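# What the coordinates show
Chain by chain, the residues:
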Amino acid sequence: MALDYQTNLFDSAIVSSGSNDDLFTLDGGQSIDNLTIRFTNYTASAATVSAWVQASAGTEADGDRFLEGYSVPANDYRDIDVPRMVGGGNAAKLTVTAGTATAIVVSQISGLKRT
């Protein structure tokens, strides 16, 4: 398996509320290891985020979530380690959502893509 040292898996983005934002999708045969993402709250109130890894052709399910309603304090950030992602026959995607509109920005801290 070759290593693809892609430096940026996704661009920093504001996390939507009321809809699910797909940050990136892996093709079959690819995997992501040691992925850490940062949720930054730029508001004066705590805000929640949820995240999950799922088959890209599927819909979100409770069993796919690794972060549920996690509270990020006001004017602060939290770094979260993402479970190893493997793109199977249907591929895989990383999806996030927030409880408050425009409060949370998500950024990539680290991650190694294997193809």
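In what follows, the structure referred to is the one given above.
Residues numbered from 1 in each chain as written. Predicted model: local features only at pLDDT ≥ 70, side-chain atom pairs only at ≥ 80, totals over all residues. Heavy atoms only, no water.

The next point concerns the overall build of the chain. Counting its secondary structure elements, the chain contains 0 helices and 10 strands. Starting at the N terminus and walking to the C terminus, you meet the elements of the chain as β-β-β-β-β-β-β-β-β-β. Considering only intrachain contacts with a sequence separation of at least 6, the fraction spanning at least 24 residues in the chain is 81%. (Helix = DSSP H or I, 4+ residues; strand = E, 2+ residues; numbered from the N terminus. Contact = heavy atoms within 4.5 Å.)

Applying the stated rule across the entire model yields 4 salt bridges. Ionic pairing is found between aspartate 79 and arginine 38, a salt bridge with its closest N-O pair at 2.7 Å. With aspartate 79 in strand β7 (residues 76-81) and arginine 38 in strand β4 (residues 31-41), this pair connects stretches of sequence that are 41 residues apart. Between aspartate 76 and arginine 78 there is a salt bridge, and its shortest N-O distance comes to 3.1 Å. (Salt bridge = Lys/Arg side-chain N within 4 Å of Asp/Glu carboxyl O.)

Right, let's talk about the side chain of aspartate 33 for a bit. Counting through the fold element by element, aspartate 33 comes out in strand β4. Residues within four places of aspartate 33 in sequence aside, it is in contact with Arg84, Gly111, Leu112 and Arg114.

Before going further, it helps to examine the nonpolar core. By size, the foremost hydrophobic cluster in this structure holds 26 residues, and its most contacted members are Phe24, Leu35, Ile37, Phe39, Met85, Leu94 and Ile104. Taken together, the elements giving at least two residues each to this core come down to β3 (21-26), β4, β5 (47-55), β6 (65-72), β9 (92-98) and β10 (104-114). Discounting residues that sit within four places of it in the chain, phenylalanine 39 has contacts with Val15, Val49, Leu67, Val72, Asp76, Tyr77, Arg78, Ile80, Val96, Ile104, Val105 and Val106. (Core = buried A, V, L, I, M, F, W, Y, C linked by side-chain atoms within 4.5 Å. Buried < 20%, exposed > 50% of the residue type's maximum accessible area, 1.4 Å probe, protein only.)

Time to look at the environment of alanine 103. You can see alanine 103 is positioned in the loop between β9 and β10. According to the relative accessible area criterion, alanine 103 is buried, its value standing at 1%. When residues no more than four places from it in sequence are discounted, the contact partners of alanine 103 are Thr40, Asn41, Tyr42, Thr43 and Ala47.

When you tally the buried positions in β5, you get 7 out of 9 residues, the bulk of the element. Bridging between β5 and β6 involves 5 bridges; their strand directions are antiparallel. In the strand pairing of β6, alanine 51 is matched with leucine 67. (Pairing = 2+ DSSP bridges.)

Under the criterion given, the structure shown has 1 aromatic pair. Above the ring of tyrosine 77, the side-chain terminus of arginine 38 is found at 4.0 Å from the ring centroid. Note that arginine 65 overlies the ring of tryptophan 52, its terminal NZ or CZ placed 4.2 Å from the centroid. (Phe/Tyr/Trp six-rings, centres within 6.5 Å; stacked < 30°, edge-to-face > 60°. Lys NZ or Arg CZ within 6 Å of the ring centre and 35° of its normal.)

Any functional reading would require information beyond the geometric quantities listed.
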